[in-house]
Amino acid sequence: MSTDPFRGRVAVITGGGGGIGSALARAFAARGARVALADVDLEAAARVAKELEADGAEAVPFAVDVTDRTDVHRLADTVCERFGGVHIICNNAGVAMGGEMWSAPMQDWEYTMSVNFWGVLYGVQAFVSRILEHGEGGHVVNTASMAGLTGMSFLGMYCASKFAVVGLTESLSRELRGRGIGVSVLCPMIVQTNIDRNSLARHPDPERRKAAAAAPPNVTAPPMRGGVIQADQVAGKVVRAIDAGELYIFTHPEQREILSRRAQRIDAAFGSPS
Ligand SMILES: NC(=O)c1ccc[n+]([C@@H]2O[C@H](COP(=O)([O-])OP(=O)(O)OC[C@H]3O[C@@H](n4cnc5c(N)ncnc54)[C@H](O)[C@@H]3O)[C@@H](O)[C@H]2O)c1
């Protein structure tokens, strides 16, 4: 096995059927990785796999609902049987629900937390032990958001779920230190994808699902300010972070000032040194 983190290695990407997940698959395959595209939307994952295969990559679609722990463990078994092991796991599937947190339906909270938080945890549980077992090393990339590092009005549910992913991933990087597995948390600002429409299309309430057809295709997220970038740009940054073994993956230059202001506000809460 080469020391290249991608060449000949097996990468599993949840939410691989579109948006950032499919861009990760393209970028990893371009570096010689073999990819498993896991998505609740099997047709979408199959389309991405077909495109990658046409470019000469090895890519296999899998149906998985990351909110179902058994399903995620079954995915790990099936991927290992199919590819002989796994090295990179990207827990990337996610949904975005907005609204006032005090009046939002509990179903929105449960839906958001089940995909964005429990889905990531199940992925960590199902895949980390398998990467440790073969001893060839690997990498975990958990997709959080800028909303996992600073509170945003009317994105409280999303922020809560993504803060959980940042906390989980920072802790995981400490737990895995010196064990041959790199850990990164991807914290993008706005990326042009179909997340708004996709999130409604999978909502547990059939009435909300009906609204998906009318929803804008791209992220609108008015509470999140900043430029809009393409998913392939995000994927390039993820590849570089895996190569360099970096924990935090930022996507927009404006994030630096926002996070610096937050750190200053926290620092100021300690008062002036006496
Ligand atoms: N687009 C943005 O601006 C943005 C910003 C910050 C973070 N993110 C995060 O990036 C990740 C990818 O989002 P995206 O923008 O590419 O959205 P997207 O909707 O284009 O892709 C998400 C994919 O996840 C799949 N998915 C949804 N629920 C699932 C489930 N229960 N099980 C398996 N697959 C499921 C969808 O079918 C879809 O293919 C998410 O975690 C999202 O929160 C996106």
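Computed from a predicted structure; not experimentally measured.

Calculation criteria
Residues numbered from 1 in each chain as written. Predicted model: local features only at pLDDT ≥ 70, side-chain atom pairs only at ≥ 80, totals over all residues. Helix = DSSP H or I, 4+ residues; strand = E, 2+ residues; numbered from the N terminus. Rg over C-alpha atoms; globule rule 2.2 N^0.38 Å. Contact = placed C-beta atoms within 7 Å. Near = placed C-beta within 6 Å. Nonpolar A, V, L, I, M, F, W, Y, C, P; charged D, E, K, R; others polar. Pairing = 2+ DSSP bridges. Axes fitted to C-alpha atoms, helices over the stretch in contact; angles between N-to-C directions. Expected span 1.5 Å × (residues − 1). Buried ≥ 20, exposed ≤ 12 C-beta atoms within 10 Å, placed from the backbone. Arc of directions from axis to C-beta. Parallel < 35°, antiparallel > 145°, perpendicular 65-115°, else oblique. Left-handed = near helix turned anticlockwise from the far one by under 90°.

> Got a minute to help me understand the overall build of the protein in this structure?
From N to C terminus, the protein includes 9 helices and 9 strands. Relative to the compact-globule value of 19 Å for 274 residues, the protein shows a C-alpha radius of gyration of 18 Å, a close match. For the protein, the C-alpha atoms occupy an extent of roughly 55 × 55 × 30 Å along the three principal directions. Long-range pairs, those at least 24 residues apart, make up 71% of the contacts in the protein with a sequence separation of at least 6.

> Would you explain the site of the ligand in this entry?
If you check the shell around the ligand, you find 33 residues, and the closest are G15, G19, G94, T193 and N198. Class assignment for the residues of the shell around the ligand results in 14 nonpolar, 15 polar and 4 charged.

> Please clarify how the environment of S272 should be interpreted in this entry.
Turning to its location among the elements, S272 is positioned in the segment after α9 (255-268). It is 50 Å that separates the C-alpha atoms of S272 and R26, two residues lying 246 residues apart in sequence.

> Help me understand the sheet that holds strand β2 (residues 34-39), please; the structure alone is not making it clear to me.
Strand pairing in a sheet relies on backbone hydrogen bonds, with the paired strands running either antiparallel or parallel. Ordered in space as β3-β2-β1-β4-β5-β6-β9, the 7 strands form an open sheet in which the pairing is parallel. The open sheet is flanked by β3 (59-63) and β9 (248-250), the only strands paired with a single partner. Within this sheet the neighbouring strands show an average axis-to-axis angle of 20°, counted without direction. Bridging between strand β4 (residues 88-91) and strand β5 (residues 138-143) involves 4 bridges; their strand directions are parallel. Considered in β5, the bridge of I89 is made with V140. Where helix α1 (residues 19-30) meets the sheet, it contacts β1 (10-14), β2, β3, β4 and β5, and its direction lies at approximately 170° from that of β1. Of the strands in this sheet, β2 and β3 are in contact with helix α2 (residues 42-54), which crosses β3 at around 175°.

> How do you make sense of helix α8 (residues 231-244) when you look at a structure like this?
Because each turn of an α-helix spans 3.6 residues, side chains separated by three or four positions in sequence point in the same direction. Helix length check: α8 (14 residues) gives 20 Å between terminal C-alpha atoms against 20 Å at 1.5 Å per residue, within 8%. Within α8, the full set of buried residues consists of A231, V234, A235, V238, A241 and I242. The buried side chains of α8 occupy one side of the element, clustering within an arc of 120° when seen end-on. Opposite the buried face of α8, by more than 90 degrees, sit the exposed residues R240 and A244. In the core, the buried residues of α8 are packed alongside α1, β5, β6 (181-187), β7 (191-192), β8 (229-230) and β9. Two residues or fewer after α8 comes G245, characterised by a positive phi angle close to 65°.

> Before we go on, may I ask you to explain the packing of α1 against α8 in this structure?
Between two packed helices, what matters for the description is the angle formed by their axes and the separation of those axes. Between α1 and α8, the shortest axis-to-axis distance is 8 Å and the interhelical angle comes to 55°. Overall, the two elements α1 and α8 adopt an arrangement that is oblique. Like other packed secondary-structure pairs, α1 and α8 cross with a definite hand, here right-handed. Taking contact as the criterion, the partners of G19, I20, A23, L24, R26 and A27 in α1 are, on α8, A231, D232, V234, A235, G236, V238 and V239. The residue inventory of the contact of α1 with α8, partitioned by class, reads 9 nonpolar, 2 polar and 2 charged.

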